[in-house]
Amino acid sequence: MPAYIVLTRERTHDSEEMQRYSEKAKAAREGHDPQPLAFYGDVEVLEGSDMEGAVILRFPDMAAARAWYQSPAYHEARKPPLPGRRLPCLPGGWPDRGMRLPKQAPRCYGYKKWLG
């Protein structure tokens, strides 16, 4: 099952540090081959606090996503940690394909409507 890493950046605090991170993070993708599904561009925040940018990377599975995140090259890129960044990793899939959602999901997310 594919896995997705979603990187969000609320605000750039230090443009030189962000440039260094961008260069090293790009190099850290070598050998891990994530598929970029969205890469910055115009972000429209529909709910929650504003952000400057977001990236969505697809990996073959959770192990591959973790391997990229824990790689020495990406570890070097994220030193020191940049403030205002979040990086969740989540498995892909739909509820009818073996993924379980919380009991309140139909009420909160309306996923049955999405599935048709």
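This report concerns the structure included in the present document. (Residues numbered from 1 in each chain as written. Predicted model: local features only at pLDDT ≥ 70, side-chain atom pairs only at ≥ 80, totals over all residues. Heavy atoms only, no water.)

1. Some thoughts on the nonpolar core
Formed by 15 residues in total, the largest nonpolar core has its most connected members in Ile5, Leu7, Tyr21, Leu57, Phe59, Trp68 and Tyr74. Where this core is concerned, the elements lending two or more residues are strand 1 (3-9), helix 1 (15-28), strand 3 (53-59), helix 2 (62-69) and helix 3 (72-77). Sort the elements by how many residues they give to this core and helix 1 lands first, with four residues. Excluding its chain neighbours within four sequence positions, the residues that come into contact with Ile5 are Val55, Ile56, Leu57, Phe59, Ala65, Trp68, Leu87, Pro88 and Cys89. (Core = buried A, V, L, I, M, F, W, Y, C linked by side-chain atoms within 4.5 Å. Buried < 20%, exposed > 50% of the residue type's maximum accessible area, 1.4 Å probe, protein only. Helix = DSSP H or I, 4+ residues; strand = E, 2+ residues; numbered from the N terminus. Contact = heavy atoms within 4.5 Å.)

2. Points about the packing of aromatic side chains
Evaluation of the coordinates by the stated rule reveals five aromatic pairs. Ring geometry for Phe59 and Trp68: centres 5.7 Å apart, planes at 35 degrees, overall tilted. Residue classification places Trp68 among the buried residues on the basis of a relative accessible area of 2%. Ring geometry for Tyr69 and Tyr74: centres 5.8 Å apart, planes at 50 degrees, overall tilted. A relative accessible area of 31% means that Tyr69 is categorised as partly exposed. (Phe/Tyr/Trp six-rings, centres within 6.5 Å; stacked < 30°, edge-to-face > 60°.)

3. Let's talk about the pattern of salt bridges
Under the defined criterion, the tally for this structure stands at four salt bridges. Measuring nitrogen to oxygen at the nearest pair gives 3.4 Å for the salt bridge that ties Glu76 to Lys24. Of the two residues, Glu76 sits in helix 3 while Lys24 sits in helix 1, which places them 52 residues apart along the sequence. On the accessibility criterion, Glu76 (33% relative accessible area) is partly exposed. Take Lys24: its relative accessible area is 31%, and that puts it in the partly exposed class. (Salt bridge = Lys/Arg side-chain N within 4 Å of Asp/Glu carboxyl O.)

4. Details of the pairing of strand 3
Two faces make up the sheet, and in a regular strand the side chains alternate between them. Counting buried residues in strand 3 gives five out of seven residues, a clear majority hidden from the surface. Two strands pair when backbone bridges link them, and strand 1 and strand 3 are joined in this way by seven bridges, in the antiparallel orientation. Residue Ile5 lies in a different strand from strand 3, and its bridge partner there is Leu57. Sheet topology note: the strand 2 (residues 35-39)/strand 3 ladder contains four bridges and is antiparallel. Counted as the bridge partner of Ala38 is Ile56 from strand 3. (Pairing = 2+ DSSP bridges.)

5. Some thoughts on the environment of Lys79
Secondary-structure assignment places Lys79 in the loop between helix 3 and strand 4 (85-86). Separated by 62 residues in the primary sequence, Lys79 and Glu17 have C-alpha atoms spaced 9.6 Å apart. With near-sequence residues (within four places) excluded, Lys79 lies in contact with Glu17 and Arg20.

6. Let's talk about helix 1
Every α-helix winds through 3.6 residues per turn, so residues three or four apart in the chain are directed the same way. Counted at 1.5 Å a residue, the expected span for helix 1 with its 14 residues is 20 Å, and the 20 Å between its end C-alpha atoms agrees. All buried positions along helix 1 are accounted for by Met18, Tyr21, Ala25 and Ala28. In a view along the axis of helix 1, the buried residues occupy a sector of 85 degrees, so they form one face of it. Of the exposed residues in helix 1, the ones pointing more than 90 degrees away from its buried face are Ser15, Glu16 and Lys26. Its side-chain oxygen at 3.1 Å from the backbone nitrogen of Glu16, Asp14 defines the N-terminal cap of helix 1. (Expected span 1.5 Å × (residues − 1). Arc of directions from axis to C-beta. Polar contact = N/O pair within 3.5 Å; in protein donor to acceptor, adjacent residues only side chain to side chain.)

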